[in-house]
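# Report on the structure
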Amino acid sequence: MAARLFALRNSTGTVHGAAAAAGGSFTTAVSLSPDRMHPTSLCSRSVGPSMMSVVAAHLQRHRRSFAASSHPVPQLGSFAIPDIGNEPMLNYAPNSRERARLQEALAEMRESIRSSGPFEVPLVIAGNELKKGELKRQVMPFEHQTALCSYYEAEREIIRKAIDTSLKAKPAWEAMPFNDRAAIFLKAADLLATKYRYKVMAATMLGQGKNAWQAEIDAAAELCDFWRFNTKYAAEIYANQPTKNAPYTWNRMEYRPLEGFVVAYSPFNFTAIGGNLVSAPALMGNVVLWKPSATSIYSNYLVYQILQEAGLPDGVIQFIPGDAETVTDVAFNHPGFAGLHFTGSTSVFKLLWKKIANNLERYRSYPRIVGETGGKNMHFIHKSADPRQAALQTVRAAFEYNGQKCSACSRVYVPDNLAAEYLSTLVEESKKLKIGTVEDFSNFTSAVINRQSFEKITGYLQHIKDGKDATSRIVAGGNFSDEKGFVIEPTVITTTDPRARTMVDELFGPVVTIFTYPAEKYEETLELADSTSQYALTCSLFARDREAVIVGSNKLRNAAGNFYINDKSTGAVVGQQAFGGARASGTNDKAGSALNLLRWVSPRTIKESFVPLEDVLYPSNI
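Residue indices begin from 1 for each chain and proceed along its sequence in written order. Only residues with pLDDT of at least 70 get local features here, since the model is predicted, and only at 80 or more are side-chain atom pairs given and counted; chain-wide, interface and lining totals rely on the full set of residues. As a rule here, side-chain values cover all heavy atoms of the structure and leave hydrogens and water aside.

## Some words on the overall build of the chain
In this description a helix means any DSSP run of H or I spanning at least four residues, a strand means any run of E spanning at least two, and both kinds are numbered starting from the N terminus. The number of helices and strands found in the chain is 18 helices and 26 strands. Type-normalised accessible area, obtained with a 1.4 Å probe on protein chains alone, sets the label of each residue: buried when under 20%, exposed when over 50%, and partly exposed for intermediate values. The proportion of buried residues among the 622 residues of the chain is 58%. When the accessible surface of the chain is summed, it comes to about 25300 Å², and 51% of that surface belongs to carbon and sulfur atoms. Where accessible areas are quoted, they stem from the Shrake-Rupley method and a 1.4 Å probe; at the residue level, only the protein chains shown are allowed to cover.

Pasting the structure below:
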């Protein structure tokens, strides 16, 4: 006898999970007899992870039949979601159990490619796997002759089908009680944390060039955190109800999903971001078309399969790798286009925004546009700072994952009283970093993602090497080779020009440029740093003097959406530091927070009167 979870219906008959939520709890459970018409028992208690798994397993068995159900959805109790905390991060130290299991997963993936060729990734439309369209390959960036997977690019006909079938799936999905939707994503997080942790990490390492630690904090921990914390934030949103009611009335707030479909463009550099870009709108009752990056296909496909196993109904998220322009042309010309959830380059985001603006007359509603793009992130050092600490933090921020984090440090302002010690430590520590295959755990970096990125970054380095920038010089690294992989050494540049190209332009690679300023011109240099770049994503300020911290924080208030004091500019953790920036860095809708989820709902205010009106006139009319 399967258990089904139910949510409150409001007076109009629509699912109203908001009114059911109170104090962080939301809906109810009732066991139904086989004919699913009569309750046989009911309960009101907190649901643990095991109960959530049972519920999600039931949904998996019945996900295709859910849309056909027309039975009432009564409220008979209240459930609280499990306590939510950050996924513990494993260390992968020598001889540890987690290192052994990850090495096994890497070896199995390598052996499968050797014996059977690249993994084949289909398009997935309404639960159906399609193998049609142009066949492309995702290669390993540190070994570009080896393909990790082959995949199909969605053609216009397939994209139109994806839209049509998602809109057909939408009524049942948005009507599904919130706790049922939440159970799917909570189960997905548990599956990723246990059953699929090392497989998804191995795909991220081989396909996107991350070492073990970078894969752990991304593909395992951060994605688990997104799925879990988003359910917590969603429950809190639904519980946010009017606190006052006039006599004989009841006021309520309903958080409706958007009217139409959402398109998600995900990047290569974080597997977790791909999972969040589609899951955040879907959790709030939306249907989503997922266009993953061509250089993260396989890991993203594994994430999609986890969501399927967790019970996600067919058609709620459509997996459609494809040419960006083709996907855009079809989706943005459809009247049901309701939103864009994007992470990628600033130039592409601006182009997409313009296309949407040019099509406003077509749409049923004004589309929601949420984007996180580039960054020219800085470390700013005050004369009171600890120069060694600042240098060590810079090495990590600039060179972890080959400088390909949105938040990576790529420019530094150091006062002249600390410059010698800071630079000496920075160069010394940078030269210690090992480069090579991700399967050698002693390697700190591997390669940049593809040839396009390699050629862009090395173009800047060659410009300096050729003497075309007399103000800048390479003091560490600067060598590169694409013979086997797209390898660029961790590179440190010094410049006497605060507006040198590498101080202004986003390179998105393992290159950091250092500018030395007069220690007594702290405030003037803060203003210079604030005005140098079009971006405003992350910034770190290093100082022991509290007055300097206050001044720097105020002067750089709009220079970054994520501001760090005596810490590196990378490493935001869901539930601790919501992430996003402004200016050319995006819409600052803070992934990993309720602010982002609110962008995917369209609230409806409901007022219900209980006593009939007896007269037209007001007392003042008498």
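## Looking at helix 13 (residues 419–431)
Relative to the 18 Å expected for 13 residues at 1.5 Å per residue, helix 13 spans 18 Å between its end C-alpha atoms, a close match to the ideal helical length. Looking only at helix 13, the buried set comprises Ala419, Tyr422, Thr425, Leu426, Val427, Glu429 and Ser430. Between two residues, a contact is recorded if the distance between any of their heavy atoms is within 4.5 Å. Those residues of helix 13 hidden inside the fold are in contact with strand 15 (377–381), helix 12 (387–399), strand 16 (409–415), strand 17 (472–476), strand 20 (491–495) and strand 21 (511–517). Expected span, for any helix, means 1.5 Å times one less than how many residues it has.

## A closer look at the nonpolar core
Core analysis: the biggest nonpolar cluster contains 96 residues, and Leu102, Trp227, Met284, Tyr298 and Ile317 have the highest contact counts within it. Here this core takes 14 residues from helix 7 (residues 212–239), the largest share from any one element. Those residues in contact with Tyr298 that lie beyond four places of it in its chain are Met109, Phe119, Val121, Gln138, Leu148, Cys149, Lys199 and Ala203. Core analysis: the second largest hydrophobic core is formed by 27 residues, Val327, Leu352, Ile356 and Tyr363 among them. What is meant by a nonpolar core is a set of buried Ala, Val, Leu, Ile, Met, Phe, Trp, Tyr and Cys residues, joined one to another through side-chain atoms within 4.5 Å.

## Quick notes on the packing of aromatic side chains
We call Phe, Tyr and Trp rings a pair once their centres come within 6.5 Å, taking the six-membered ring for Trp, and we label the pair stacked below 30 degrees between planes, edge-to-face above 60, and tilted otherwise. Within this structure, the stated rule accounts for 21 aromatic pairs. Seen from their ring centres, Phe268 and Phe508 are 6.1 Å apart, and the 85 degrees between their planes marks the pair as edge-to-face. With Phe268 in the loop between strand 10 (261–265) and helix 8 (271–283) and Phe508 in the loop between helix 15 (501–504) and strand 21, this residue pair connects regions lying 240 residues apart in the sequence. The exposure class of Phe268 is buried, given its relative accessible area of 13%. Its relative accessible area of 22% is what places Phe508 among the partly exposed residues. Between Phe337 and Tyr363, the aromatic rings sit 5.4 Å apart at their centres with planes inclined by 55 degrees, giving tilted as the arrangement. Of this pair, Phe337 sits in strand 13 (residues 337–343) while Tyr363 sits in the loop between helix 11 (346–358) and strand 14 (368–372); the two residues are 26 residues apart in sequence, bridging distant segments of the chain. Taken together, the aromatic side chains of Phe380, Tyr413, Phe515, Tyr517 and Tyr522 make up a single cluster linked through ring pairs.

## Notes on the environment of Asp83
By secondary structure assignment, the location of Asp83 is in the loop between helix 2 (49–62) and helix 3 (97–116). Classification of Asp83 by relative accessible area gives exposed; the value is 81%. Note: C-alpha distance between Asp83 and Phe229 (146 residues apart in sequence) is 9.7 Å.

## A short note on the sheet that holds strand 8 (residues 143–152)
Across the sheet, three strands lie side by side as 4-8-7; this open sheet has mixed pairing. Strand pairing shows two members of the sheet lacking a second neighbour, strand 4 (119–121) and strand 7 (135–140), which therefore form its edges. Each strand of the sheet is rotated relative to its neighbour by a mean of 35 degrees, with strand direction disregarded. Two strands make a pair as long as DSSP finds a minimum of two bridges between them. Here six bridges tie strand 7 to strand 8, and the two strands are oriented antiparallel to one another. Residue pairing in the sheet places Met140 in a bridge with Glu143 of strand 8. Every angle, taken between N-to-C directions, lies between 0 and 180 degrees, and every axis is a line fitted to C-alpha atoms, over only the stretch in contact when it is a helix.

## Some thoughts on the sheet that holds strand 17
Taken in spatial order, the seven strands of this open sheet run 17-20-21-16-15-23-24, and their pairing is mixed. Two strands lie at the open edges of the sheet, namely strand 17 and strand 24 (562–565), each paired on one side alone. Averaged over neighbouring strand pairs, the angle between their axes works out to 20 degrees when direction is ignored. Sheet strands in contact with helix 12 are strand 15, strand 16, strand 20, strand 21 and strand 23 (538–542), and its direction is about 175 degrees off that of strand 15. Along the sheet, helix 17 (residues 546–555) contacts strand 23 and strand 24; its crossing angle with strand 23, the most-contacted strand, is approximately 160 degrees.

## Description of the side chain of Ser96
For Ser96, the position within the fold is in the loop between helix 2 and helix 3. What qualifies as a polar contact is a pair of N or O atoms within 3.5 Å, subject to a donor-acceptor requirement within protein and to the restriction that residues adjacent in sequence count only when both atoms come from side chains. A polar side-chain atom of Ser96 sits 3.2 Å from the main-chain amide nitrogen of Arg99.

## Thoughts on a negative patch on the surface
Within the patch definition used here, like charges are joined within 9 Å and nonpolar side chains (Val, Leu, Ile, Met, Phe, Trp, Tyr) within 5 Å, considering only residues with over 30% relative accessible area and no salt bridge. By convention in these notes, a salt bridge is any Lys or Arg side-chain nitrogen within 4 Å of a carboxyl oxygen on Asp or Glu. Neither His nor the chain ends is counted toward charge; the positive residues are Lys and Arg and the negative residues Asp and Glu. Where a charge lies is defined by one atom per residue type, namely NZ (Lys), CZ (Arg), CG (Asp) and CD (Glu). A cluster of acidic side chains, namely Glu134, Glu155, Asp323 and Glu325, defines a negative patch on the protein surface. Along the polypeptide, Glu134 turns up in the loop between strand 6 (128–130) and strand 7. For Glu134, a relative accessible area of 48% puts it in the partly exposed group.

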